[in-house]
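Notes for the structure review
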Amino acid sequence: MVGIRKRIEEWFGSIARILYRNRFKTFLIMFLIIAAIVSQIPRITIDISTEGFLHKTDPALIDYNAFRDQFGRDELIVVAVKSSEVFDKNFLNKFKELHDDLTENVPYIEDISSLINARNTRGEEDELIVEDLLERWPETPEEIAIIKQRVFDNPMYKNTLISEDGKFATILIKTQTYSSIGSDLDALEGFEEDFKQDSTSPKESGKSSERQYLTDKENSEAVNAVREISEKYEASDFQVYIAGSSAVTHFLKKSMIKDIRRFLSLAFITVAIFLFVMFRRISGVVLPLLIVVLSLISTISIMAAFGASIKLPTQILPSFILAVSVGYSVHILALFYHHFRKNRNKEDAIAYSIGHSGLAVFMTAATTAAGLFSFSTSDVAPIADVGIFAGIGVLLAMVYTLVLLPALLAIVPVKIARGTEDEKKDTTMDRLLAKVGIVATGHPYKILMVSTIIIALSIAGAVKIRFSHDVLRWFSKTNSVRIATEKIDKELRGSISLEIIVDTGKENGLYDPDILNRLEETAAYMETLKVGKIFVGKAWSLTTILKEINKALNENRKEFYAIPQDKKLIAQELLLFENSGSDDMEDFTDSQFSKARLTIKLPFEDAIAYSNFLDVVNEHFQQDYPDVKITTTGMTALLFRTVTNAIASMARSYIYALIVITILMILLIGRLRIGLLSRGPNLAPIIIMLGVMGWFKIPMSLFTMLVGNIAIGLAVDDTIHFMHNFRRYFEETKDAKYAVMETLHTAGRAMLVTSCVLSIGFFIFMFASMNNLFHFGLLTGFTIVMALLADFFIAPALMIVVNRRKMK
């Protein structure tokens, strides 16, 4: 195995000489390859929607898409206006101006509802009239009082269009289901359908599933328009709050883009400073950063080529690729500059650095990529994307470091630094590393005992970890959308919905009084339901319209606000409503009257909190609706599905990463025993990180789930460099202490610098505006620091203990 390793290292060195002698050809070939890859970058898209967390084949997403095709989007933009008196002439006039302004100037609106145009169903003699609530504008206090009474008499208005205390009025904006992209083609298809006399609605034709849903960009345009318009009307007695899942999605995207820009700028500045301090050369700063930029742009371009969007978790890619690329470059450049300063021969210096560390860089890239690829099995789409494309980014960084970097070193003039300055700098770091080596080799059993105690305490803390997917609380407490959502949840009892589809499986199945009675009983039961933090603000379905019709056709008497118990009468009343000119029926049932939609209004809470609530809801429908098909969907269901997918796939990803990396470590190090022992310094930091999360009550979210696998991949880099160099020196001398000291003085310098760069690259996330990214950056940076300490103390202690008998 020793001979094989030496031959591989010699092969890397000979390849480096070939690259040096053909540096311009190498540069041109790499330039053309990178240009071809980067040409795809304009195709990249951003998608931070909740449905974007699920794979296209996920049953929950398939059900949700079917729901959207039938009933449209359930995500609303909620504009709530607070005033001391809603039923005041001045307020109503201003409220109408806002309503009309939004209607005329917000793009992609499908429907807009408020007290201005709320459905008002009434009867005059034998005629059913369905009109806007304020179709006849009230001018006098008496007329306003009548409207106020009418509003509070209608159960449907409460907690949807007006708060129970009458101090909040809302405007509910429903955006279009489908994107405007390809609308011209869709229009032509519509003419074709008319020509064929196909009476099927667009939502039921089946072709809708081929259309693109409203894009993230279009959603942002709508929310931005709402915000800009609303700001014009803001006043002390006309306070405007904008919430709803569409608004939350937009502000998440806005924060993400802002954070990415901040992270990249801070990361580049930090890395540039570290590189200059270490190398004291312009080439030592420019060349690694060039490798970083090319690796990052290439990774994003490959994402674009494969149609993968940038999503919330994938925003970690820039800092991650930056950290990895710099780490690889530092290991090569440290040896190159050291050898070049001594021998003044650039070709020999390049061959020496690649021959010495090329295999180690290749090994670290392979193990890091393997750890990341374990994410590809995740049931959460963006986490799978992180695994796939971060792994590809690591491999690209490795290729650029081993192929392009030597060619650039051969082409670019390299300054020979003064020996005295470098020696002084080396001595300072060497003294620190020497002290580390003395402690690690002098007290191996004490180090292992203390490490065992710390790991035991960490395991005790790890069992206290709780899971979370609290999107709203990712924002700071001062964020406007969080304030608005929490206010609306409190005052109007909810801002998102759970959707239940009751499918009778037969045409006109909803004419059956029995099924309608059960729907009515379910709505009443749901409005009394409270499970933990989750309460139901309102529940409604087709029965709401039917009760309004029945009341209107019976002299508007309150006692007739009920469901008729005759099948024929139900059919007649629903037909009258359809003929009244209102299209509200489309929001509650299909054209065949076989499916009913039941909407349950809920607060925007941690997705984990919906678990017990959904269990209660599902149990109710299983017991009360054994004869029909029930589908639970909507934004709440998707949020919960995202969490359950993440929890289920997290353990699987960790196990895969552990197995794959362990196998690779054994194969690459070449010794079963050392390969297995090397997992100790890798696993200890992960266990300690989990313990910190448990003891300090940091939740396990979609972002903190990424810490373990990413840290495993990054931490294993230093372990491989340590073990690779330790074996080299130990096989030469059979002296474990000497091998440890030499390893620390050679590979240890690069390990120290790269770990500093890596940890700071992730600590930068602590400047994020979102709490989830703060925790992600804190934990990942902390884990990398712990990994360095493990490689500086636990790994040497293990090698001393294991090789004690073999020492001369």
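Data block above holds the structure.
Residues numbered from 1 in each chain as written. Predicted model: local features only at pLDDT ≥ 70, side-chain atom pairs only at ≥ 80, totals over all residues. Heavy atoms only, no water.

Right, let's talk about the overall build of the protein for a bit. Summing up its helical and strand segments, the protein has 25 helices and twelve strands in all. Oriented by its inertia axes, the alpha-carbon framework of the protein measures out at about 110 × 55 × 55 Å. The buried share among the 808 residues of the protein stands at 58%. Surface exposure of the protein reaches about 33,700 Å², of which carbon and sulfur atoms provide 58%. Counting 87 positive and 92 negative side-chain charges, the protein places the averaged centre of each group 18 Å from the other. (Helix = DSSP H or I, 4+ residues; strand = E, 2+ residues; numbered from the N terminus. Buried < 20%, exposed > 50% of the residue type's maximum accessible area, 1.4 Å probe, protein only. Areas by Shrake-Rupley, 256 points an atom, 1.4 Å probe, with all protein chains shown as cover. Lys, Arg positive; Asp, Glu negative; His and termini not counted. Charge placed at Lys NZ, Arg CZ, Asp CG, Glu CD.)

This brings us to helix α16 (residues 513–526). The terminal C-alpha atoms of α16 lie 20 Å apart, and with 14 residues this matches the ideal 20 Å at 1.5 Å per residue to within 8%. Turning to α16, its buried residues number three or more, namely Pro 513, Ile 515, Leu 516, Arg 518, Leu 519, Thr 522, Ala 523 and Met 526. In this structure, the buried side of α16 is in contact with β7 (496–503), β10 (538–540), α17 (542–552), α18 (567–579), β11 (595–602) and α19 (610–624). Where α16 begins, the side chain of Asp 512 points an oxygen toward the backbone nitrogen of Asp 514, at a separation of 3.0 Å. (Expected span 1.5 Å × (residues − 1). Contact = heavy atoms within 4.5 Å. Polar contact = N/O pair within 3.5 Å; in protein donor to acceptor, adjacent residues only side chain to side chain.)

The next point concerns the sheet that holds strand β2 (residues 109–113). If you trace the four strands from one edge of the open sheet to the other, you get β2-β5-β1-β6, paired in antiparallel fashion. The open sheet terminates on both sides in strands that have one partner only, identified here as β2 and β6 (239–243). Each adjacent strand pair in this sheet contributes to an overall mean axis angle of 15°, direction not counted. Across the sheet, helix α7 (residues 216–233) is in contact with β1 (76–82), β5 (168–175) and β6; its angle to β1 comes to roughly 10°. (Pairing = 2+ DSSP bridges. Axes fitted to C-alpha atoms, helices over the stretch in contact; angles between N-to-C directions.)

Let's shift gears to a negative patch on the surface. Together, Asp 111, Glu 578, Asp 583 and Glu 586 give the surface a local cluster of negative charge. By the secondary structure assignment, Asp 111 is in strand β2. Accessibility expressed as a relative area gives 33% for Asp 111, which makes it partly exposed. (Patch = residues over 30% accessible without salt bridge, like charges linked within 9 Å, V, L, I, M, F, W, Y side chains within 5 Å. Salt bridge = Lys/Arg side-chain N within 4 Å of Asp/Glu carboxyl O.)

As a further point, take a nonpolar patch on the surface. Together, Met 449, Ile 453, Leu 457, Trp 695 and Phe 696 make up a nonpolar patch on the protein surface, roughly 620 Å² of accessible area in all. Top element by residues in the nonpolar patch is helix α14 (residues 444–462). It accounts for three residues. On the secondary structure map, Trp 695 appears in helix α22 (residues 679–695). Residue classification places Trp 695 among the partly exposed positions, given a relative accessible area of 47%.

This part covers empty space enclosed by the protein. What the rule picks out here adds up to four cavities of 30 Å³ or more. Where the lining of the largest cavity is concerned, the elements lending two or more residues are α8 (245–279) and α20 (635–669). With four residues, the single largest contributor to the lining of the largest cavity is α8. When grouped by side-chain class, the residues that make up the lining of the largest cavity number ten nonpolar, five polar and no charged. (1 Å grid on protein atoms, 1.4 Å probe; cavity = no way out; pocket = protein on both sides within 12 Å on 5 of 7 lines; lining within 4 Å. Points joined across faces, edges and corners; volume = space filled by probe spheres on them. Nonpolar A, V, L, I, M, F, W, Y, C, P; charged D, E, K, R; others polar.)

This part takes up the packing of aromatic side chains. Using the criterion set out here, one finds 20 aromatic pairs in the structure. Aromatic side chains Phe 87 and Phe 152 sit 5.9 Å apart centroid to centroid with 55° between the ring planes, which places their arrangement in the tilted category. Residue Phe 87 is located in the loop between β1 and α4 (89–105), and its partner Phe 152 is located in helix α5 (residues 141–153); the two are separated by 65 residues in the primary sequence. With a centroid separation of 6.5 Å and an interplanar angle of 55°, the aromatic rings of Phe 306 and Phe 389 are classed as tilted. With Phe 306 in the loop between α9 (283–305) and α10 (317–343) and Phe 389 in helix α12 (residues 381–411), this residue pair connects regions lying 83 residues apart in the sequence. Judged by relative accessible area, which is 65%, Phe 306 ranks as exposed. The ring of Phe 238 is capped by Lys 94, whose NZ or CZ atom sits 4.7 Å from the centre of that ring. (Phe/Tyr/Trp six-rings, centres within 6.5 Å; stacked < 30°, edge-to-face > 60°. Lys NZ or Arg CZ within 6 Å of the ring centre and 35° of its normal.)

Following the criterion strictly, the structure yields 30 salt bridges and no others. In this structure, Arg 73 and Glu 75 form a salt bridge, with 3.8 Å as the shortest nitrogen-oxygen distance. Each member of the pair, Arg 73 together with Glu 75, is buried. Among the salt bridges present, the one from Lys 253 reaches Asp 216, with a minimum N-O distance of 3.4 Å. Taken together, the residues span a long stretch of sequence, with Lys 253 in helix α8 and Asp 216 in helix α7 at a distance of 37 residues.

Turning next to the pairing of β11. Most of β11 sits out of view: seven of its eight residues are buried. Where β7 and β11 come together, eight bridges link them in antiparallel fashion. Paired with Val 502 across the two strands is Ala 596, which belongs to β11. Summarising the sheet, β10 and β11 pair through three bridges and their orientation is antiparallel. Bridge assignment links Lys 538 to a residue of β11, and that residue is Lys 601.

One non-glycine residue, Asn 508, adopts positive backbone phi at about 60°. Note on placement: Asn 508 falls in the loop between β7 and α16. One non-glycine residue, Glu 555, adopts positive backbone phi at about 60°. Here Glu 555 lies in the loop between α17 and α18.

Take the environment of Ala 80 next. Among the secondary structure elements, Ala 80 is positioned in strand β1. A C-alpha to C-alpha distance of 8.8 Å links Ala 80 and Leu 161, two positions 81 residues apart in sequence.

This next bit is on the sheet that holds β10. Pairing is antiparallel in the open sheet, where four strands are placed in the order β10-β11-β7-β12. Two strands close off the open sheet at either side, each with one partner strand: β10 and β12 (629–633). If you compare each strand with its neighbour and ignore which way they point, the axes differ by 15° on average.

As a packed pair, α10 and helix α24 (residues 736–763) sit with axes 9 Å apart at the nearest point and diverge in direction by 165°. Taken together, the axes of α10 and α24 are roughly antiparallel relative to one another. Our pair here, α10 against α24, has a crossing hand that is right-handed. When α10 is examined against α24, the residues Ser 319, Phe 320, Ala 323, Val 324, Val 326, Gly 327, Val 330 and His 331 are found in contact with a partner set consisting of Ala 747, Ala 750, Met 751, Val 753, Thr 754, Val 757, Leu 758, Gly 761 and Phe 762. For the contact of α10 with α24, a count of residues per class yields twelve nonpolar, five polar and no charged. (Parallel < 35°, antiparallel > 145°, perpendicular 65-115°, else oblique. Left-handed = near helix turned anticlockwise from the far one by under 90°.)

Residues Leu 102, Ile 600 and Phe 613 are the most contacted members of the largest nonpolar core, which totals 233 residues. Residues in contact with Ile 600, not counting those within four places in the same chain, are Ile 496, Ser 497, Leu 498, Ile 500, Met 526, Val 536, Lys 538, Ala 539 and Phe 613. Residues Leu 61, Tyr 64, Ile 501 and Met 635 belong to the second largest nonpolar core, which totals nine residues. (Core = buried A, V, L, I, M, F, W, Y, C linked by side-chain atoms within 4.5 Å.)

Where α8 contacts helix α15 (residues 480–491), the two axes come as close as 10 Å, and the packing angle between them is 160°. Viewed along their axes, α8 and α15 adopt a mutual orientation that is roughly antiparallel. The interaxial crossing formed by α8 with α15 has left-handed handedness. Side by side, α8 and α15 meet where Ala 247, Val 248 and Phe 251 of the first sit next to Ser 480, Val 481 and Thr 485 of the second. Within the contact of α8 with α15, the residues separate by chemical class into four nonpolar, two polar and no charged.

Moving on: the environment of Leu 758. Tracing the chain through its elements places Leu 758 in helix α24. Taking the relative accessible area as the measure of exposure, Leu 758 reaches 7% and is therefore buried.

That's the geometry; what it means functionally is another story.
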